[in-house]
Amino acid sequence: MSFRTILALPALAIVATLSACGGTSDTTRDSIRAVGSSTVYPFAKKIAETFTQSNPGMTSPIIESTGTGGGIKLFCAGVGANTPDMANASRRMKKSEFETCAANGVKEIIELQVGLDGIAFASSQGGIMMNLTPEIIYEAIAAKPYGKEQTAKLWSDVDPSLPQEPILVYGPPSTSGTRDALKELVLEPGCDSNPEMKALKDSDEDLHTQICTEVRSDGAYVDQGEQDNLIVQKIENNAKAVGVFGYSYLEKNIDKVQGLPMNGVQPTYENISSFAYPGARPLFVYVKKAHLQAIPGLPEYLAEWVKSWSKDGPLAQIGLVASPDDVREANAKAATEFVTMNGADLK
């Protein structure tokens, strides 16, 4: 049976039919399932809580923190009850991922920009303090800065004005959307400050990507896994360490950690919302349109996002930076009228 035929079935028959469409006998479910970004995770959990309060009798959504890349891979695996309904992402879906989705039958996807976040650099309260720039960060943590051997051991090796302390950065893994955003918003601009590297992008894009985004593996950059709260714990216990994570985790732990300015701009709500802070980025949620009527409560869950993502809404209270008014309006339409993306402008 085609999954689309579910839309024509009575509500009581939906869950049983999902099992058949999913291809296994143990995949029936009556709860929403979302996977993906650890950065979006606390916001999605908050929406799950308000959804349950607003819809008594409905099962609480299941939210899993798998990392953006891993979440989108699960999301794109197919249509049916044994696949997630939603993917949370701290970067936009890639063109290659969109094509994988389509190849596996996930052909109608609703894309929602739910708000903004920032790639925050931080240290413990009273710990190491620096005014960073994309160039400094790139030269400090790149595997081969500008294609040359990495020799910097101390921050002062990168810039004499910086502390004479060992470079130690705890950051996200390669599967994380935060790592992707770090590459795109910080490492590549830092790398491209060198004219030769900027020219290399036109002549050899693959080599440019490798030189500009590959991080060192000698212990100066430590991959701390998908949980941003673990990075907070690491830098809280080491005054000389720097952490990289979503702004919302900085705001949530401001009694423990302090933000480090970049280009002289502090990672604050106002600076991220205006994009004055170089690390500002949008956050996304992806939804399978084919699951909207098949999974109980999914349309209502999307509506809860719309009710909650304003500047004075409950998500702002836990660190989400509201998107500009026109962006929120367009995404509210997508969430309530179920407008699907065409993928033409993906990279």
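Caption draft 1: Spotlight on the pattern of salt bridges. All chains considered together, the criterion is met by 12 salt bridges. Aspartate 325 serves as the salt-bridge partner of arginine 328, at 3.1 Å between the closest nitrogen and oxygen. One end of the pair, arginine 328, and the other, aspartate 325, are both in helix H14 (residues 325-337), 3 residues apart, so they sit about a helical turn from each other. Members of the salt-bridge network, linked through shared partners, are Arg91, Glu97 and Asp180.

Caption draft 2: Local environment of the side chain of aspartate 117. With respect to the helices, strands and loops of the structure, aspartate 117 is situated in strand S4 (residues 109-124). From its side chain, aspartate 117 meets the backbone nitrogen of tyrosine 247 in a polar contact 3.1 Å long. A polar atom in the side chain of aspartate 117 sits 3.2 Å from the backbone nitrogen of serine 248.

Caption draft 3: A look at the pairing of strand S3 (residues 86-89). The alternating pattern of S3 places Met86 and Asn88 and Ala87 and Ala89 on opposite faces, both of which are buried. Bridge analysis of strand S1 (residues 33-36) against S3 gives 3 bridges, and the strand direction is parallel. Following the sheet pairing, alanine 34 is matched in S3 by methionine 86. By the bridge criterion, 4 bridges tie S3 to strand S9 (residues 280-288) in an arrangement that is antiparallel. The residue bridging methionine 86 from the neighbouring strand is valine 287, located in S9.

The rules behind each value
- Residues numbered from 1 in each chain as written.
- Predicted model: local features only at pLDDT ≥ 70, side-chain atom pairs only at ≥ 80, totals over all residues.
- Heavy atoms only, no water.
- Salt bridge = Lys/Arg side-chain N within 4 Å of Asp/Glu carboxyl O.
- Helix = DSSP H or I, 4+ residues; strand = E, 2+ residues; numbered from the N terminus.
- Polar contact = N/O pair within 3.5 Å; in protein donor to acceptor, adjacent residues only side chain to side chain.
- Buried < 20%, exposed > 50% of the residue type's maximum accessible area, 1.4 Å probe, protein only.
- Pairing = 2+ DSSP bridges.

Honestly, it's all geometry; don't read function into it.
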